[in-house]
Amino acid sequence: MDAATQLPTVGMIGAGQLARMTHQAAIALGQSLKVLAGDPAESAAVVAPATVLGDYRELEDLRAFAKGCTVVTFDHEHVPQSVLRTLVDEGVDVQPRPEALLYAQDKQAMRTRLAEFGLPQPRWAPVDSISDVEAFGLPCVLKAATGGYDGKGVWMIDTLADAQAVLASGIRLIAEERMALQRELAVQIARSPRGETAVYPVVETVQSGGICTEVIAPAPHLAPETADEAKRIAETIATGLGVCGMLAVELFQTSKGLFINELAMRAHNSGHWTIEGAETSQFEQHLRAVLDYPLGSTATVAPYTVMANVLGGRAGGPRLDERLQHLLADDPGAHVHLYGKAVRPGRKIGHVTVRGDDPELLRRRALRAAERLQEGE
Ligand SMILES: Nc1ncnc2c1ncn2[C@@H]1O[C@H](COP(=O)(O)OP(=O)(O)O)[C@@H](O)[C@H]1O
Ligand SMILES: [Mg+2]
């Protein structure tokens, strides 16, 4: 707790854009997020005064960081289980609990557990040799069981030679049936320790090169029964795993129905639209949930909200500041979020959100805005 304000201090392990946007939400609640950063130049480290430098894999660093925190939560899922369990044993309030977080850290553990719940998933198997992959069947998708993000750790496999190259890395892998996707969806739900849940509308996500580049909220033309099914899946997982905070369930929509892709137990790219598009942003909702506050309304404030990610573009051309001014002149209704990161080609450096009635027009507007920032033209 902060002695002066008598309000809680939330500690977030990781200082990327998710922590940066959570810090903004914390400010509105009278708080100031405390963040653990690996580097003082990270997105949240450059804006949060209570930044502690340290290594998220080191118990000693996390122990020191957790001192004075009301609750400790995450902007990524890479903190080792052993470290988290020790912190919990020592009395730190870690949310979500490591026993739940495991299923966002380890895709093999997740697939095994979700199968026990009888939830729909692609056919899958653990693999650690060419004969395993051969027995599983090609084409398939190989995935690193742990440590992947933004498509790093996902390989589309057409031949045994492709598989051999991935197996040679020696990392723990699962194979998944390569599904024919009609599109990708995501559903977010918040759950608090007292068991309250609040689910957001189901959204469509568009990925390119393994990175989520566009989100349309709600997913256009989604049959109400499919939306209900997605929400039921999210509820089952949140409650079944005892999740606390925000949970994102990535889904595949196929001709055979919905299949679960993966889970994230934190704010998620598919929920950035909630800052302007919902009564309560995912960032505020995550804070409310980990603090066991009552949850906020997940109602939308516009018929449609579309978010487009801004990636670092090619070098050269107008400076980012100039690009930003052109965009603001072009589209005064666009909501721009820049993450304060050094620009590198392909790196997520921000996002733009627009609201309105027509999802196709909004998509074009959001992509145009992102392109303005990305390419400067
Ligand atoms: N079994 C699958 N079949 C078809 N496409 C897949 C499959 N698994 C993943 N993908 C594609 O790869 C993307 C990244 O996979 P994902 O498991 O979500 O990895 P990451 O942890 O990097 O987000 C997905 O959003 C989807 O586009
Ligand atoms: Mg994913």
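Note that the coordinates shown come from a computational prediction; the quantities given were computed from them, not determined experimentally. Sequence order as written defines residue numbering, which begins from 1 separately in each chain. Lettering of chains starts at A and numbering of ligands starts at 1, both following the order in which they are written. Restriction of local features to residues with pLDDT of at least 70 applies here, the model being predicted, together with a cutoff of 80 or more for giving and counting side-chain atom pairs; totals for whole chains, interfaces and linings are based on all residues.

An automatic or database domain assignment supplies the start and end points of every domain. We note that the domain assignment places domain 1 (10-94), domain 2 (123-177) and domain 3 (183-375) within the protein chain. Each of domain 1 and domain 2 has a C-alpha centre, and the two are 33 Å apart.

Time to look at the sheet that holds strand β2 (residues 34-37). When DSSP finds two or more bridges between two strands, those strands count as paired. The helix and strand labels rest on DSSP assignments: H or I over at least four residues marks a helix, E over at least two residues marks a strand, and numbering proceeds from the N terminus. Strand order in the open sheet formed by four strands is β3-β2-β1-β4, with parallel pairing between adjacent strands. On the outer flanks of this sheet lie β3 (51-53) and β4 (71-74), each paired with one strand and no other. On average, adjacent strands in this sheet sit at an angle of 25 degrees to one another, irrespective of strand direction. In this structure, β2 lies alongside β3, joined through three bridges in parallel fashion. Bridge assignment links Leu-36 to a residue of β3, and that residue is Val-52. In this analysis an axis means a line fitted to C-alpha atoms, helices contributing only their contacting stretch, and an angle means the value between N-to-C directions, from 0 to 180 degrees.

Lining the immediate environment of ligand 1, one finds 20 residues, of which Val-141, Gly-148, Val-154, Glu-176 and Met-179 sit closest. For the shell around ligand 1, the secondary-structure elements that each account for two or more residues are β6 (140-144), β8 (173-177) and β14 (257-264). Partitioning the shell around ligand 1 into residue classes produces six nonpolar, six polar and eight charged. If you count residues domain by domain, the shell around ligand 1 takes at least three from each of domain 2 (123-177) and domain 3 (183-375). Whether a residue is near a molecule or strand depends on its C-beta atom, generated from backbone atoms, being within 6 Å of that molecule or strand. Note that Gly is not counted as nonpolar here; it falls among the polar residues with everything else outside the nonpolar set of Ala, Val, Leu, Ile, Met, Phe, Trp, Tyr, Cys and Pro and the charged set of Asp, Glu, Lys and Arg.

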